Amino acid sequence: MANFNWLVDGSIVLVYLVGTVIAGLWLKKYIRKVDDFLVADRSVNLYLGIASLSASEFGIATCMANAELGFKYGFAGVTPGISIAIAMFIVGRTGFCIKPLRDRQVITIPEFFEKEFGGKVRWLSGIVIVLGGLLNMGVFLRQAGDFLAIVCGFDPKYLELIMTVILIGIATYTIFGGMISVLITDYIQFIVMSVGLIVVVFLIIFKFGWPDMLNATNQHIGPAAFNPFINQQYGLDRILLDMLIAFAAVLTWQTMISRVLAAKDSATGRKIYQGTSPFFLVRFTLPAILGIGALYYFGPSMFEGSKAILAMPNLLASIVPVGWIGILVASMLAADMSTDSSYMLAWTSVIYNDIMKPIHKGLWSEKKGLLWNRILIGLIGIFQIGRAHV
């Protein structure tokens, strides 16, 4: 049974949601042209860039998936996080690819491709990026809904309605405020998310005891829980694959690259990547600890196979007390809102800037360009709501 109290915890969540939407809408006055909307007029500083990139790449789906790795593989499940942290630091340190991208003042990666390979490659790569992004994003609402249904203890029949209302709120401030609203709300969400997640992790550790959690992990998984090289799921070949995937992600994933392209210069963009790299390790480590806590509490047999991803939310619903669970839900919603708003804006930028380029040919007025970008975000939101109802 969930400890979520609708009067106490529900009020905490409601205040946070309303405050975030109001903050995002208030920033719409700074949007005057398409560059303001898509890349914040390329004025993002180091600390705002780090907070925004960290928040946008950590949603409820990510937290659940990484906790599942901890539940199934112990600390070896953190291995992909080590790979992506290393890749991001190296790319940021060397400026490989991201420096010329920012120096050429492009808005999207396909735009850069046109300068090298022509307009057809730009258009086709835009199609590929958007299709991959929208299909990837479709998982978010469903998993976020599962998390909220378990942790808050509400009837699943209200799940689609609640997620639809939340997505409408996210789309509203993104439609009006664009990248500026996304950046500022990301900053707020980064703080709320960090505080909530860290507090809950320490609560679990103090409740169960760190030595007991380690002993349980060793008992259920064995030495492979602490050494990915002897873990059957990983091993040297899987670790090398993780490294290649990590480099591909930090170099080509539009939601990540967009923070570099919005930075005030290429040096700042490189520092944003370097500064964010430790967080990409943390975003695997903290959920993995929660997964290990679920393994200690439930044992391995209660959540087997595909059900393993539900172990962490069930643990939180059972253990986290009233008041704190409201802060936890607010922090998880903060993470998810940041991800959803960033993704909607990223795919909109590719659709408008690259796929629709043969239509507007860069000749539309700023007013018309802003209108179409806002229409596209609305359509993406409707598409995601439709997918969640399937």
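Model, not experiment: these values are computed from the prediction. (Residues numbered from 1 in each chain as written. Predicted model: local features only at pLDDT ≥ 70, side-chain atom pairs only at ≥ 80, totals over all residues. Heavy atoms only, no water.)

**With respect to the nonpolar core**
Counting 117 residues, the largest nonpolar core has Phe-147, Leu-148, Val-250 and Tyr-273 as the members making the most contacts within it. Element by element, the count of residues in this core is highest for helix H9 (residues 159-208), at 19 residues. Here Leu-148 is in contact with Gly-153, Phe-154, Met-163, Ile-166, Val-329 and Leu-333, once residues within four sequence places are set aside. Counting residues in hydrophobic clusters, the runner-up holds seven residues, among them Tyr-73, Ala-76, Val-78 and Phe-284. (Core = buried A, V, L, I, M, F, W, Y, C linked by side-chain atoms within 4.5 Å. Buried < 20%, exposed > 50% of the residue type's maximum accessible area, 1.4 Å probe, protein only. Helix = DSSP H or I, 4+ residues; strand = E, 2+ residues; numbered from the N terminus. Contact = heavy atoms within 4.5 Å.)

**A closer look at helix H12 (residues 254-262)**
Counting buried positions along H12 gives nine out of nine residues, so the element sits mostly inside the fold. Buried within H12 we find Gln-254, Thr-255, Met-256, Ile-257, Ser-258, Arg-259, Val-260, Leu-261 and Ala-262.

**Some words on empty space enclosed by the protein**
All chains considered together, the criterion is met by three cavities of 30 Å³ or more. The space that makes up the largest cavity amounts to roughly 50 Å³. Mapped by element, the contributors of at least two residues to the lining of the largest cavity are helix H2 (34-39), H12 and helix H15 (324-355). Per-element tally for the lining of the largest cavity: the top contributor is H15, with four residues. By residue class, the composition of the lining of the largest cavity is six nonpolar, four polar and one charged. (1 Å grid on protein atoms, 1.4 Å probe; cavity = no way out; pocket = protein on both sides within 12 Å on 5 of 7 lines; lining within 4 Å. Points joined across faces, edges and corners; volume = space filled by probe spheres on them. Nonpolar A, V, L, I, M, F, W, Y, C, P; charged D, E, K, R; others polar.)

**As for the environment of Leu-376**
Within the secondary structure layout, Leu-376 lies in helix H17 (residues 366-388). A residue is classified by how much of its surface remains accessible, and Leu-376, at 9% relative accessible area, is buried. Sequence spacing of Leu-376 and Ile-22 is 354 residues, and the spatial spacing of their C-alpha atoms is 22 Å. Beyond its immediate chain neighbours, meaning those up to four positions away, Leu-376 contacts Thr-348, Ile-351, Tyr-352 and Met-356.

**A word on helix H5 (residues 79-94)**
Residues that lie three or four places apart on an α-helix share one face, since the helix turns once every 3.6 residues. Look at H5: 23 Å from first C-alpha to last across 16 residues, which is about the 22 Å you get at 1.5 Å a residue. The complete set of buried residues in H5 reads Thr-79, Pro-80, Gly-81, Ser-83, Ile-84, Ala-85, Ala-87, Met-88, Val-91 and Gly-92. Its buried side turned inward, H5 meets helix H3 (46-56), helix H6 (98-103), helix H11 (235-252), H12 and helix H13 (266-298). One or two positions beyond H5, positive phi appears at Gly-95, with a value near 75 degrees. (Expected span 1.5 Å × (residues − 1).)

**Some remarks on the pattern of salt bridges**
Scanning the model with the defined rule gives nine salt bridges in all. Close ionic contact of Glu-116 with Arg-104 constitutes a salt bridge, the shortest N to O distance being 2.9 Å. Taken together, the positions of Glu-116 in helix H7 (residues 109-117) and Arg-104 in the loop between H6 and H7 put the pair twelve residues apart, joining distant regions of the chain. On the basis of relative accessibility, which here comes to 40%, the residue Glu-116 falls in the partly exposed class. On the basis of relative accessibility, which here comes to 38%, the residue Arg-104 falls in the partly exposed class. When the shortest N-O distance is used, the salt bridge between Arg-122 and Glu-114 registers 2.5 Å. Exposure remark for Arg-122: the relative accessible area of 4% places this residue in the buried category. Taking the relative accessible area as the measure of exposure, Glu-114 reaches 28% and is therefore partly exposed. Linked by salt bridges that have partners in common, Glu-114, Arg-122, Asp-354 and Lys-357 make up one network. (Salt bridge = Lys/Arg side-chain N within 4 Å of Asp/Glu carboxyl O.)

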